[in-house]
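Coordinate analysis (summary)
Residues per chain, in single letters:
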Amino acid sequence: MAKLEVRQPKKPYITDQQALDFHAYPVPGKLALLPTKPMATQRDLSLAYSPGVAIPVEAIAADPDTVYDYTSKGNMVAVISNGTAILGLGNLGAMASKPVMEGKSVLFKRFADIDSFDIEVEEEDAEKFIECVKRFGNTFGGINLEDIGSPECFIIEQELREKLDIPVFHDDQHGTAIIATAGLINAAHLTGRKFEDMKVVLSGAGAAGLSVLGLVKSLGVKNENAIVLDSRGVVYQGRQEYMDQWKAPHAVDTKLRTLEEAMVGADVFLGLSVAGIVTQDMVKSMAKNPIIFAMANPDPEITPEEIKEARSDAIIATGRSDYANQVNNVLGFPYIFRGALDVRARNVNEEMKLACARALADLARQDVPEEVAAAYHGQRPKYGPEYIIPAPFDPRLISEIPPYVAQAAMDTGVARKPIEDMEAYKKSLAQRQDPTAAILQGITSSVVQNPKTIVFAEGEEPAVIRAAQAYQQRGLGRAILVGREKPIYDNMKLLGVEKPESFTILNARLFDRNAEFTEYLYGRMQRKGFLRRDAQRLVNNDRNVFSALLVNHGLADGMVTGVTRSYDIALRDVKLVLQHVEGERTMGVSVVVNKGRTLFIADTNITELPDAEDLADIAGTTANFARQFGFDPKVAFLSYSTFGNPVGERMQKVRRAVEILDERETDFEYEGDIAADVALDPLHTLTYPFSRLTGAANVLVMPAIHSASISTKLLDSVGGATVLGPFLTGLEKPVQICPLGATASEIVQMATLAAFAPSHRDDE
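Residues numbered from 1 in each chain as written. Predicted model: local features only at pLDDT ≥ 70, side-chain atom pairs only at ≥ 80, totals over all residues. Heavy atoms only, no water.

**A few points about the pairing of strand β6 (residues 226-230)**
Along any regular strand, the residues point their side chains to alternate faces of the sheet. With five of five residues buried, β6 lies mostly within the body of the structure. Neither face of β6 is open: one carries A226, V228 and D230, the other I227 and L229, and all of them are buried. By the bridge criterion, two bridges tie β6 to strand β7 (residues 233-234) in an arrangement that is antiparallel. Opposite D230, over in β7, you have G233 as the bridge partner. A loop of two residues connects β6 with β7, the two strands running antiparallel in sequence. (Buried < 20%, exposed > 50% of the residue type's maximum accessible area, 1.4 Å probe, protein only. Helix = DSSP H or I, 4+ residues; strand = E, 2+ residues; numbered from the N terminus. Pairing = 2+ DSSP bridges.)

**Some thoughts on the packing of aromatic side chains**
This structure, assessed with the given rule, holds 16 aromatic pairs. Ring geometry for F136 versus F140: centroids 6.5 Å apart, planes at 80 degrees, classification edge-to-face. The class for F140 is buried, based on a relative accessible area of 8%. Measuring from centroid to centroid gives 6.1 Å for F668 and Y670, while their planes differ by 70 degrees, and the two rings are edge-to-face. For Y670, a relative accessible area of 10% puts it in the buried group. A network of ring pairs unites the aromatic residues F108, F169, F333 and F337 as a single cluster. (Phe/Tyr/Trp six-rings, centres within 6.5 Å; stacked < 30°, edge-to-face > 60°.)

**Considerations on the sheet that holds strand β16 (residues 597-602)**
Taken in spatial order, the six strands make up an open sheet running β18-β17-β19-β16-β15-β20, and their pairing is mixed. Edge positions in the sheet fall to β18 (669-674) and β20 (722-729), since each has one partner strand and no second. Ignoring strand direction, the axes of neighbouring strands in this sheet form an average angle of 20 degrees. Of the pairings in the sheet, the one linking strand β17 (residues 634-638) to strand β19 (residues 699-701) comprises three bridges and is parallel in character. Of the residues in β19, the one forming a bridge with V635 is V699. Contacting β15 (587-594), β16, β17, β19 and β20, helix α25 (residues 612-628) crosses the sheet at an angle of about 55 degrees to β15. Across the sheet, helix α26 (residues 651-663) touches β17 and β18, and the angle it forms with β18 is around 160 degrees. (Axes fitted to C-alpha atoms, helices over the stretch in contact; angles between N-to-C directions. Contact = heavy atoms within 4.5 Å.)

**Some words on the sheet that holds strand β21 (residues 735-737)**
The strand order across the open sheet built from five strands is β13-β12-β11-β14-β21, with neighbouring strands paired in parallel fashion. Since the sheet does not close on itself, it has two edges, and those belong to β13 (504-506) and β21, each with one partner. Taken over all neighbouring pairs, the strand axes of this sheet differ in orientation by 20 degrees on average, direction set aside. Both strand β12 (residues 477-482) and β13 contribute to a ladder of three bridges, which runs parallel. In the strand pairing of β13, L481 is matched with I505. Of the strands in this sheet, β11 (452-456), β12, β13 and β14 (558-561) are in contact with helix α23 (residues 543-552), which crosses β14 at around 165 degrees.

**Looking at the environment of P385**
Locating P385 in the fold gives a position in the loop between α15 (370-375) and α16 (397-411). The sequence separation of P385 and A314 amounts to 71 residues, and the corresponding C-alpha distance is 8.2 Å.

**Some words on the packing of helix α8 (residues 171-191) against helix α9 (residues 207-218)**
It is the contact of α8 with α9, at a shortest axis distance of 8 Å, that shows an interaxial angle of 45 degrees. If you check the angle between α8 and α9, you find them oblique. Crossing of α8 over α9 shows right-handed handedness. Residues D172, Q173, H174, T176, A177, I178, A180, T181 and L184 of α8 touch α9, and the partners they reach there are A207, A208, S211, V212, L215 and V216. For the contact of α8 with α9, the per-class residue count stands at nine nonpolar, five polar and one charged. (Parallel < 35°, antiparallel > 145°, perpendicular 65-115°, else oblique. Left-handed = near helix turned anticlockwise from the far one by under 90°. Nonpolar A, V, L, I, M, F, W, Y, C, P; charged D, E, K, R; others polar.)

**What about the pairing of β17?**
Of all five residues in β17, five are buried; the element is thus mostly enclosed. Because side chains alternate across β17, one face comprises the buried residues K634, A636 and L638, and the other comprises V635 and F637, equally buried. With four bridges connecting them, β17 and β18 associate as parallel partners. Pairing of V635 across the sheet is with Y670, part of β18.

**Things to note about the nonpolar core**
If you look at the biggest cluster of nonpolar residues, it comprises 101 residues, and the most contacted ones within it are I143, L145, I178, L270, F293, M352 and L360. Beyond its immediate sequence surroundings of up to four residues, L270 is in contact with V200, V201, L202, S203, V212, V216, F293 and M295. In terms of nonpolar packing, the next biggest core, distinct from the first, is built from 59 residues, A479, I488, M587 and F637 among them. (Core = buried A, V, L, I, M, F, W, Y, C linked by side-chain atoms within 4.5 Å.)

**What to know about a negative patch on the surface**
A cluster of acidic residues, E124, D125, E127 and E152, forms a negative patch at the surface. Along the polypeptide, D125 turns up in the loop between β2 (115-120) and α6 (126-136). For D125, a relative accessible area of 36% corresponds to the partly exposed category. (Patch = residues over 30% accessible without salt bridge, like charges linked within 9 Å, V, L, I, M, F, W, Y side chains within 5 Å. Areas by Shrake-Rupley, 256 points an atom, 1.4 Å probe, with all protein chains shown as cover. Salt bridge = Lys/Arg side-chain N within 4 Å of Asp/Glu carboxyl O. Lys, Arg positive; Asp, Glu negative; His and termini not counted. Charge placed at Lys NZ, Arg CZ, Asp CG, Glu CD.)

**As for the pattern of salt bridges**
In total, this model carries 43 salt bridges according to the counting rule given. Taking the shortest distance from any N to any O, the salt bridge between D614 and R585 comes out at 3.0 Å. Of this pair, D614 sits in helix α25 while R585 sits in the loop between α24 (567-575) and β15, placing them 29 residues apart in sequence. Residue D614 is classed as buried on the basis of its relative accessible area, which comes to 16%. Look at R585 and you get buried, because its relative accessible area is 18%. The salt bridge involving R656 is made with E663; its shortest N-O contact spans 3.3 Å. The class for E663 is exposed, based on a relative accessible area of 59%. Linked by salt bridges that have partners in common, R585, E613, D614, D617 and R664 make up one network.

Printed below as a string of structure tokens:
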């Protein structure tokens, strides 16, 4: 008999093949070009090119600043590298840097809605590189330099800033510096320190390290109180070897020569060097409430666990996402460029960098929104030693940080186009956020914080095996594959799955609680025409039934299925074991996401022709589902009519559903009958002042399954929206059913949602 041994997966990792597949499929690379104007008619072509294009050409020739009005320059950044310092891999050449530069461009778009092109320059000589970039640089609104070796990176950035009339920003230097400075501002605040009194030790005198120190000194840290160390030891006055013009200003008159000596009595340690160079004895020698930012990647100079073992009073930050207080560059560069581009800044100066750092520090002190709380599985993080830097998926970043940067640009005279109404600007920024990524990021982060065991019912399928592998490797929890051992292991071998022993594989026929499962199922079904042998046959042969029993008996937290069976059949199998939650409805909810808007649409796949009572139940269940994602539900019962116009028989059940909710105790806004365009119009109350919705609806209850299914599939196919789901809700345990033939990525998404969803069982 097989024993249930659910193994704890190792820390998240990505296999070489997964990384290659991600970048290769469905098309090579991570970027594509999307036109912003229609190209459907001859007139469109005439306007876009000849003869119409001649008009803006002449306008720009007469007034060069109008290039921002008639071209994409104002929202376009070039991400440029020569590949001489790629990540931690060293000088691998310009072409090898292209995947990284494409990735940076994707981050610009994802976090700040900035378009960008990656440009790889095959030139290592600093002066030639500068000359090359200088000749094309002004075609862009800004330049992000990346992965360029030191000391050339200092020379290149400095000269390009002087020669180009646009922001030039070397993120390897300044990105880490800005985020670390934000964290240091808050760490100093929590420990009651003043910057002018701090003793700071910096390990790592490269581009990032010296940039951090420069910003810290601009906050008040005295030169004599800052000790810099490189691979040769302390940078002191009089040292000759391995010195350059960038280290020299930080040399101090001191007898200290080693890191161990420098750490004695230090208030702050800033690490941007190599793993393992800081010992627990060094930490013990530091001042009270030491501030330790060990930011070497992938492994810090000393781990948080080692620090806490030596000093319980330390405030800690690292460069890693699996620890609190991650110093993550993505908190900085997208929003710095957003603010700089929006005022058409001539450069990014120190005041703009400090403005970004101060804005980030201030944001960390504010109460966090639901999206951030969800990432901590409902345990709302609060400003303190474990939360001094905002989370990267905080939706407020896009509207909070760029205004500070823009204001600093305006105050220092580098803004060509000052912003007149800052509040209106903040509102416009919020519309740039990509809600799809924010939602998925929040769900994933929540699950990583509280990993769950998920049953993958169709465990012999190659796509399911890949999904289970990805689920474990991403740190989402444990995967149980249901199926026969030999086919699963054979497919794992074909797929190149590493460490197949890390998976739990369960064959129902060999499971040691098979008899118990049979009795439970027989007890549920004996008065519905089932014999004991029917129950036994289902337990032995139906993987959905067996998987649901694993979940029902507490051996897993949820399950995912549907790859090889239709939705209706899979749901029927699951409902033989699991029942619906009292007061809720088993149904499907599709989440439709488009720029600036997220909609929850129900019921998209179960109740064919709901009556008024059904519609009221659907509304309540969908409202609860929306709350799980951090939304305040505003429900619209959709119809072809709006408040009785035009008159028709079918609108009556919609009106009756509203009356039923009137009779119930509800804690959300709702309205109907109402047409879709009216429900989604935030200003519809101007025409209908009696509407009970305050603004646009975000939960849409369809009058029947056909309208729900057709509308979501149209939006997915031709509407330019992203449709997630449908997600199954209303069962007592989390179950998600994928579409037939789902890809590994889609299966992982459904498994993650199953792990994210709460259980409604009283015995949990």
